[in-house]
Amino acid sequence: MKVHLQYGKTGLDLELPGRNIRVIEPTFVPGLPDEHAAFVAALRNPIGRGSLAASIRSTERVAVVIPDGTRALPSSRLLPWLFGEISHVPVENIVIINGTGTHRANTRDELVGMVGEDIVSRYRIVNHDAHDPATLLLAGTVAGRPVFFNRDYVQADRRIVLGFIEPHFMAGFSGGPKGVFPAVADIDTILHYHRAAVIGDPRSTWGVLENNPTAAHVREFASVLPIDFLVNVTLNRKHQITRFFCGDVLLAHAEGCTFAKATAMVPCDEPFQIVLTSNSGFPLDQNLYQSVKGMSAAAQIVAKDGLILCAARCNDGFPEHGNFRKLLFDHPDMASILRTINQQGFSMFDQWQAQILALVATRARVGVYSELPDIDLQRAHLIPVKDIAAQVRAELKSIGDDAAIAVLPEGPQTIPYLRTLL
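A brief look at the structure comes next. Quick caveat, the model's predicted, so the values are computed rather than measured. (Residues numbered from 1 in each chain as written. Predicted model: local features only at pLDDT ≥ 70, side-chain atom pairs only at ≥ 80, totals over all residues. Heavy atoms only, no water.)

### Concerning the overall build of the protein chain
Turning to step 1, where the next piece is worked out: Each helix and strand counted, the protein chain has 16 helices and 20 strands in total.
Turning to step 2, where the next piece is worked out: Relative to the compact-globule value of 22 Å for 422 residues, the protein chain shows a C-alpha radius of gyration of 21 Å, a close match.
Turning to step 3, where the next piece is worked out: In terms of principal-axis extent, the alpha carbons of the protein chain reach across some 70 × 50 × 40 Å.
Turning to step 4, where the next piece is worked out: Long-range contacts, defined as pairs at least 24 residues apart, comprise 75% of the intrachain contacts of the protein chain with a sequence gap of at least 6.
Turning to step 5, where the next piece is worked out: When the accessible surface of the protein chain is split by element, carbon and sulfur atoms take 50% of a total near 16900 Å².
Turning to step 6, where the next piece is worked out: Looking at charge distribution, the protein chain has the averaged site of its 39 positive side-chain charges lying 2 Å from that of its 43 negative ones. (Helix = DSSP H or I, 4+ residues; strand = E, 2+ residues; numbered from the N terminus. Rg over C-alpha atoms; globule rule 2.2 N^0.38 Å. Contact = heavy atoms within 4.5 Å. Areas by Shrake-Rupley, 256 points an atom, 1.4 Å probe, with all protein chains shown as cover. Lys, Arg positive; Asp, Glu negative; His and termini not counted. Charge placed at Lys NZ, Arg CZ, Asp CG, Glu CD.)

### Some remarks on helix H13 (residues 334-341)
Turning to step 1, where the next piece is worked out: Where burial is concerned, most of H13 is hidden: six out of the eight residues are buried.
Turning to step 2, where the next piece is worked out: The complete set of buried residues in H13 reads Met334, Ser336, Ile337, Leu338, Thr340 and Ile341.
Turning to step 3, where the next piece is worked out: Contacts made by the buried residues of H13 are with helix H8 (196-199), helix H12 (324-329) and helix H14 (351-361).
Turning to step 4, where the next piece is worked out: Between the side-chain oxygen of the N-cap and the backbone nitrogen of Ala335 there are 3.3 Å, and the N-cap of H13 in question is Asp333. (Buried < 20%, exposed > 50% of the residue type's maximum accessible area, 1.4 Å probe, protein only. Polar contact = N/O pair within 3.5 Å; in protein donor to acceptor, adjacent residues only side chain to side chain.)

### Things to note about the side chain of Thr70
Turning to step 1, where the next piece is worked out: Counting through the fold element by element, Thr70 comes out in the loop between strand S4 (62-67) and helix H3 (75-85).
Turning to step 2, where the next piece is worked out: Among the polar contacts made by the side chain of Thr70, one reaches the side chain of Asp68 at a distance of 2.7 Å.
Turning to step 3, where the next piece is worked out: One polar contact links Thr70 to Arg71, side chain to side chain, over a distance of 2.7 Å.
Turning to step 4, where the next piece is worked out: Apart from the residues within four sequence positions on either side, Thr70 is in contact with His103, Pro283, Leu284, Gln286 and Gln290.

### Remarks on the sheet that holds strand S16 (residues 302-311)
Turning to step 1, where the next piece is worked out: Taken together, six strands build an open sheet; the order of strands is S3-S19-S15-S16-S17-S18 and the sheet is parallel. Each having just a single partner strand, strand S3 (21-23) and strand S18 (383-384) make up the two edges of the open sheet.
Turning to step 2, where the next piece is worked out: Taken together, the six bridges between strand S15 (residues 272-278) and S16 define a ladder with parallel strand orientation. Residue pairing across strands places Leu276 opposite Leu309, the latter belonging to S16.
Turning to step 3, where the next piece is worked out: The strands touched by helix H11 (residues 288-299) are S15, S16, strand S17 (365-369) and strand S19 (405-408); relative to S16, the strand with the most contacts, the crossing angle is about 140°. (Pairing = 2+ DSSP bridges. Axes fitted to C-alpha atoms, helices over the stretch in contact; angles between N-to-C directions.)

### Re the pairing of strand S13 (residues 241-247)
Turning to step 1, where the next piece is worked out: S13 sits mainly inside the fold: six of its seven residues count as buried.
Turning to step 2, where the next piece is worked out: Alignment of strand S12 (residues 229-235) against S13, held across six bridges, turns out to be antiparallel. The residue of S13 that forms the bridge with Thr234 is Arg243.
Turning to step 3, where the next piece is worked out: In sequence, S12 turns back onto S13 through a hairpin of five residues, with His239 there showing a positive phi of about 65°.

### Quick look at the sheet that holds strand S6 (residues 124-127)
Turning to step 1, where the next piece is worked out: Spatially, six strands are ordered S6-S5-S4-S9-S12-S13 in an open sheet, and the strand pairing comes out mixed. Looking at strand neighbours, the two that pair on one side only are S6 and S13, the edges of this open sheet. The average undirected angle you get between the axes of adjacent strands in this sheet is 20°.
Turning to step 2, where the next piece is worked out: Sheet analysis places S4 next to strand S5 (residues 94-99), joined by six bridges and oriented parallel. Opposite Ile66, over in S5, you have Asn98 as the bridge partner.
Turning to step 3, where the next piece is worked out: Together, S12 and S13 form the strand contacts of helix H1 (residues 35-44), whose direction differs from that of S13 by roughly 20°.
Turning to step 4, where the next piece is worked out: This element, H3, spans S4, S5, strand S9 (158-164), S12 and S13 of the sheet and lies at about 165° to S4.

### Quick look at the nonpolar core
Turning to step 1, where the next piece is worked out: The biggest cluster of nonpolar side chains holds 92 residues, and the ones touching the most others in it are Phe149, Tyr153, Leu288, Phe324, Leu328 and Leu382.
Turning to step 2, where the next piece is worked out: Top element by residues in this core is H11. It accounts for seven residues.
Turning to step 3, where the next piece is worked out: Residues Leu79, Ile86, Ile241 and Cys246 belong to the second largest nonpolar core, which totals 36 residues. (Core = buried A, V, L, I, M, F, W, Y, C linked by side-chain atoms within 4.5 Å.)

In structure tokens, the structure reads:
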């Protein structure tokens, strides 16, 4: 069977061996015929509150939070439309906050690619830094615990949060209040939110909001300051906007999650011995850290001790910054990583991503087709793959040509699940 995986900016074409192959994709929803008109309508008739323009005075300071460069939101289209709707607010009263969470800052060139040269040149844009106390202010408390957010976010009179909604491997769905927390929070609060007991809870998973402790933490911490307006979208594989969900942060997000679940989650009756996945191509597959999401999607339907093959370019490495690579390299195997992370009192930023990867890799073998050096993948307890079709062929020779194979061309844009488990 010929398949096309989302990989980098160009994709990856494969001819797979095997007699029992199922390609699992989200329901394709066409892009809106007039995105701008739909956007204006959504802002003027929002969900659960009055129109955006009417709610902001020209004298007020406005913070607009956008996802960072690892996310596929078409900010270069949305921001000019947004600022057109609040044109009565002077440019000097507006700050754009790049919600990096614990990720690295984006360069000017990357910001131009994200939002466009005109926006970069005209508006003040700040990269959030969770590690620098000088850039943070006390936002409030949760259960007596101080919560610090980006200084510009705290000092704003009005806060607008942009994002897109898709199933998320810990929080149930992305978007909504997740555009604030952990996007503009301090590292200590992020570590508390990402602690092992919360991430390891079986309800902290794809497509689940009810009784999901991760989602509950997101909502609780994000609400310490009011979010005045939410601008969320859903996207198809062409990065076209399929729907807008704008207005009240919880009400609009809930509608978007219902839509995303209906289009992106696919039931399966039996597990598969081999699952091929991607991380949905650029910008989501720039590093191995982000590509854990595609592996986690595959793990939902892989048989115990089966094989996951993930195609993710990883041109930005593990990445270089953070502790993700260190946690992988400093342990002899995945099981020992889990033992370390689950020790009482252990806390290290990036531990959550290593924890999820270790959970995936203790269930199934994980091979990676990427630009990462073989030696680095081996040190990370993963299988380097140079030829995906050849790897499948070798696996079928061992387990039989009739073995069930699943292909997730768009990776975590499609979340398969076993009917018996959801």
